[in-house]
Amino acid sequence: MSNSVWKKIFMVIILIGFTFFSTLWYGFSDLAEDFFKVYIEPVVDSTEFPLSFTIIIVVLVILVGTTIHNHKKTQLEENILDLEEKLGSEMQILVSANRQLNNYRFQDNLELIFRKFITRNQYVHAVQSYRFEEKNRRQKTIFTLKFLAGSVFDGVNINAIHQMVFLVNRKDLRNFRNALKKFEEESFTELVPFIIRSNDRLQEKTTLTDEETGLYMLMDLALEAFEDEMEIDLTAPFNEGQKARLENLRNSRRTGLIRAGILREVFYSFTHEGSNDKANRQYLASLAIIGGEPHLFSIALDSSILEENYDDALQTVKEEFTLLLSELENGYNT
């Protein structure tokens, strides 16, 4: 039983007991008779009420008053609880709406900042941003790109990736990252064997799946790191048919952005291969944490940058974009 029920039972027991003993006292005590004549009789206008009856009335009034008070208190508590639940629900709606509004503001800020960046740099044609996710699923690692916002200079042909999913073998990815880390610590013990093993596996394949394409990409990244460090140019020993299939898959999947995510570097540069108006267009892919989430940024550069002092011009773009990333982070937090 509830506490209120026990309280009522306790009050009734007290009432009965008090009535019993007061009746005995009133009936057999001279002091009780004097008390009645002095204090009770003048109040009730000489009408003789049994003391026990008076006590019962007083206690009943107290009980009724207590019951009414408890009932109102219970109603008030229930009303408060309902208001708290309603307020909590409304707060959730407000938080959700505010989060969506912040996302819209963030995208608007992205486009505005991108336009300013494109305007002040003569080589930059476009900037696009993507939300980047890396998830393990059993034996695979899944990389996902989702388009957020972008800005393009007038008259420039740029294709945006609205969503892209790329799979690699989780063990291959782990081996590659471990080998690259050792190599950055000036150890060749793992990177070169990784390149050789990957090449042997790919040479054995007559048909190429996404897993082999992913392995080729990792091997190519390892070769790039080796070539940059040793300042030499190496070509993987594939026959013409294998090269054609792998390069077609590589270009069709546009793995440049994925590579930046895999390397987890601030900047990764690559060139568009082809014979159309995008030929020799240079790209910078940048991985950055904005608002606690990883984002990939694609910067498209005009091929004329190759005709200038390439390293200095590229370094200028990187420095300016680094400042832009700081501006983005500050804008996200305001």
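Described in the following lines is the structure provided in the data block. (Residues numbered from 1 in each chain as written. Predicted model: local features only at pLDDT ≥ 70, side-chain atom pairs only at ≥ 80, totals over all residues. Heavy atoms only, no water.)

## Topic: the pattern of salt bridges
The tally for this structure, following the rule as stated, stands at eight salt bridges. Between Glu134 and Arg177 there is a salt bridge; the shortest N-O distance is 2.9 Å. With a gap of 43 residues between them, Glu134 in strand β1 (residues 124–137) and Arg177 in helix α4 (residues 170–184) connect regions that are remote in the sequence. Residue classification places Glu134 among the partly exposed positions, given a relative accessible area of 28%. Assessed through its relative accessible area of 18%, Arg177 is described here as buried. Note that Arg259 and Asp220 form a salt bridge whose closest N and O atoms lie 3.0 Å from each other. Of this pair, Arg259 sits in helix α8 (residues 256–263) while Asp220 sits in helix α6 (residues 210–230), placing them 39 residues apart in sequence. Residue Arg259 is classed as buried on the basis of its relative accessible area, which comes to 1%. Each member of the salt-bridge network shares a partner with another, and the members are Lys140, Asp172, Arg201 and Glu211. (Salt bridge = Lys/Arg side-chain N within 4 Å of Asp/Glu carboxyl O. Helix = DSSP H or I, 4+ residues; strand = E, 2+ residues; numbered from the N terminus. Buried < 20%, exposed > 50% of the residue type's maximum accessible area, 1.4 Å probe, protein only.)

## A closer look at the pairing of strand β4 (residues 268–271)
Two faces make up the sheet, and in a regular strand the side chains alternate between them. Where burial is concerned, the two faces of β4 differ: the one with Tyr268 and Phe270 is buried and the one with Ser269 and Thr271 is not. Relative to strand β5 (residues 282–290), β4 runs antiparallel, the two sharing four bridges. Looking at the pairing, Thr271 lines up with Gln282 of β5. (Pairing = 2+ DSSP bridges.)

## Details of the pairing of β5
Taken across its nine residues, β5 has eight buried, putting it largely inside the fold. The pairing of β5 with strand β6 (residues 293–301) spans nine bridges and is antiparallel. Considered in β6, the bridge of Ala285 is made with Ser298. Hairpin connection between β5 and β6: a loop of two residues separates the two successive antiparallel strands, and Gly291 in this loop has a positive phi of roughly 60°.

## Section: α6
Its 21 residues place the ends of α6 30 Å apart at the C-alpha level, agreeing with the 30 Å of an ideal helix rising 1.5 Å per residue. Burial analysis of α6 places 15 of its 21 residues in the buried class, the great majority of the element. Positioned one or two residues after α6, Glu231 has a phi angle of 55°, which is positive. (Expected span 1.5 Å × (residues − 1).)

## Re the environment of His295
On the secondary structure map, His295 appears in strand β6. Taking the C-alpha atoms as reference, His295 lies 8.4 Å from Glu133; in sequence the two are 162 residues apart. Within the structure, the side chain of His295 is placed 2.9 Å from the backbone oxygen of Glu293, a separation counted as a polar contact. (Polar contact = N/O pair within 3.5 Å; in protein donor to acceptor, adjacent residues only side chain to side chain.)

## Here we look at the environment of Leu301
For Leu301, the location among the structural elements is in strand β6. Residue Leu301 is classed as buried on the basis of its relative accessible area, which comes to 0%. Sequence spacing of Leu301 and Val317 is 16 residues, and the spatial spacing of their C-alpha atoms is 9.3 Å. Those residues in contact with Leu301 that lie beyond four places of it in its chain are Tyr123, Val124, Arg281, Gln282, Leu284, Leu314 and Val317. (Contact = heavy atoms within 4.5 Å.)

## As for the nonpolar core
Phe143, Leu145, Phe176, Ile258, Ile262 and Leu296 are the most contacted members of the largest nonpolar core, which has 42 residues in total. A per-element tally of this core places α6 first, with 10 residues. Aside from chain neighbours lying at most four places away, what touches Phe176 is Phe194, Leu218, Leu221, Ala222, Ile262 and Leu263. Membership of the second largest hydrophobic core comes to 25 residues, among which are Phe114, Val124, Leu148 and Ala313. (Core = buried A, V, L, I, M, F, W, Y, C linked by side-chain atoms within 4.5 Å.)

## What to know about the sheet that holds β5
If you trace the six strands from one edge of the open sheet to the other, you get β3-β2-β1-β6-β5-β4, paired in antiparallel fashion. A single partner strand is all that each edge strand has here, and the edge strands are β3 (163–169) and β4. With direction set aside, neighbouring strand axes in the sheet form an average angle of 25°. Sitting on the sheet, α4 is in contact with β1, β2 (140–152) and β3, with an inclination near 80° to β3. (Axes fitted to C-alpha atoms, helices over the stretch in contact; angles between N-to-C directions.)

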